[in-house]
Amino acid sequence: MKKKFLVIGNPIDHSLSPKLHNYWIKKYKIGAVYEKKLLNNSEIEDLIYNIRVEKIHGINITVPFKKIVIPFLDELSEEAEISQSVNTIYKKDNKIIGENTDIEGFKLSLEKTELETKNKKALILGAGGVVPSIIIALKKMQIKKIYLSNRTELKTIELKKNFPEIEIIKWGETLDFDIIINATSIGLKEKDEININYEQISKDRFFYDVIYNPPETNFLKNAKKCGGITKNGKMMFIYQAQKAFSIWHKVVPEIDKETINLLDV
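The structure reproduced in this document is the subject of the present report. Note that the structure is a prediction, hence the values are computed from the model and not measured.

What counts, and at which threshold
- Residues numbered from 1 in each chain as written.
- Predicted model: local features only at pLDDT ≥ 70, side-chain atom pairs only at ≥ 80, totals over all residues.
- Heavy atoms only, no water.
- Helix = DSSP H or I, 4+ residues; strand = E, 2+ residues; numbered from the N terminus.
- Rg over C-alpha atoms; globule rule 2.2 N^0.38 Å.
- Buried < 20%, exposed > 50% of the residue type's maximum accessible area, 1.4 Å probe, protein only.
- Contact = heavy atoms within 4.5 Å.
- Areas by Shrake-Rupley, 256 points an atom, 1.4 Å probe, with all protein chains shown as cover.
- Lys, Arg positive; Asp, Glu negative; His and termini not counted.
- Charge placed at Lys NZ, Arg CZ, Asp CG, Glu CD.
- Core = buried A, V, L, I, M, F, W, Y, C linked by side-chain atoms within 4.5 Å.
- Axes fitted to C-alpha atoms, helices over the stretch in contact; angles between N-to-C directions.
- Parallel < 35°, antiparallel > 145°, perpendicular 65-115°, else oblique.
- Left-handed = near helix turned anticlockwise from the far one by under 90°.
- Nonpolar A, V, L, I, M, F, W, Y, C, P; charged D, E, K, R; others polar.
- Pairing = 2+ DSSP bridges.

Before going further, it helps to examine the overall build of the chain. Scanning the chain for helices and strands turns up nine helices and twelve strands. The C-alpha atoms of the chain give 18 Å as radius of gyration, which agrees with the globular expectation for 265 residues (18 Å, within 12%). Dimensions of the chain along its principal axes, counting C-alpha atoms only, are 60 × 40 × 35 Å. Within the chain, buried positions represent 52% of all 265 residues. For the chain, the proportion of contacts with a sequence separation of at least 24, taken over those separated by at least 6, is 65%. Approximately 13,100 Å² of the chain is accessible, and the part contributed by carbon and sulfur atoms is 49%. With 42 positive and 36 negative side-chain charges, the chain shows a spacing of 2 Å between the two charge centroids.

Pasting the structure below:
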């Protein structure tokens, strides 16, 4: 009997998690299958129960459930606790555990670009599920200052309670940043535009979009036109998946060229 793994979200169509995980499952000859599932809030409790009774053996969580799942879990890892964000769930010693592999995923993807983060200024656009992970990763990388901007200010105020050192700026306001990170879902649709003044931001600044499908959002296209250095979220996605895979299967999958090219859509 094959073990069953899922990624849940709403929307979920864009997720390439099954493609990556099933590739590794096949490569390492693991008796498992990985699927994606569109879910509503009301279905979370039943889903967690299915892990408890081992109908499902592990779940990845994407937007908008990274915080919503927490009350249904027995225990959180230290990083999931600090970030109040869970993207990987599994059962261990009869307990349902929530883990956050996004922090490590984001941190590794930035480190591999050899971008200097120490004493730099970063602006994060958005205040959703992945943002606490990005804040924690940037702090680990000794960033000097983090600014936050979101369309609805209420969410940023909530985040500031957990991270008092961040500074909130109005949506659309542009200062001079070294790194700008789009952590909103603006960009999943082709027509989506982010209201920032690309011309005003000095060129050679680093623009990062956590979205990896499509591979180049309008945010990155506009930044590139103005001389910005751009990076999408593909490597963050691969690194967070690698950590989740190793938790579930006790195998650290290799990230080679074939793995990376697999996700070119």
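A few words on the nonpolar core. One broad rule of soluble globular proteins: the nonpolar side chains tend to lie buried together. Of all hydrophobic cores here, the largest spans 27 residues; its most connected members are F106, I124, I134, L138, I181 and Y208. Those elements that place two or more of their residues in this core are helix 4 (102–111), strand 7 (121–125), helix 5 (131–140), strand 8 (145–149), strand 10 (179–182) and strand 11 (206–209). Considering each element in turn, this core owes the most residues, six residues, to helix 5. Once residues within four sequence positions are removed from consideration, I124 is found in contact with V131, I134, I135, L138, I146, Y147, L148, S149, I181 and A183. Listed in part, the 24 residues of the second largest apolar core include V7, Y90, Y212 and I238.

Here we come to the packing of helix 4 against helix 8 (residues 234–249). The relative placement of two packed helices comes down to the angle between their axes together with the axis-to-axis distance. Close contact between helix 4 and helix 8 brings their axes to 7 Å; oriented N to C, the two are set at 135°. Classified by the interaxial angle, the pair formed by helix 4 and helix 8 is oblique. Considering how the two elements wind past one another, helix 4 and helix 8 form a crossing that is right-handed. Across the interface between the two elements, D102, E104, G105, F106, L108 and S109 from helix 4 touch M235, M236, Y239, Q240 and K243 from helix 8. Split into classes, the residues belonging to the contact of helix 4 with helix 8 amount to five nonpolar, three polar and three charged.

Once that is clear, we can look at the sheet that holds strand 5 (residues 88–92). One key point about sheets: their strands pair by backbone hydrogen bonds, in either a parallel or an antiparallel sense. Read from one edge of the open sheet, six strands run 2-1-3-5-6-4, paired in mixed fashion. Looking at the sheet topology across the chains shown, the edges are occupied by strand 2 (32–38) and strand 4 (75–76). Looking at chain direction, strand 4 and strand 6 (residues 95–99) are connected through two bridges and run parallel. Residue pairing across strands places E75 opposite I97, the latter belonging to strand 6. Relative to the sheet, helix 8 contacts strand 1 (3–9), strand 2, strand 3 (58–61), strand 5 and strand 6, its axis offset from that of strand 5 by approximately 15°.

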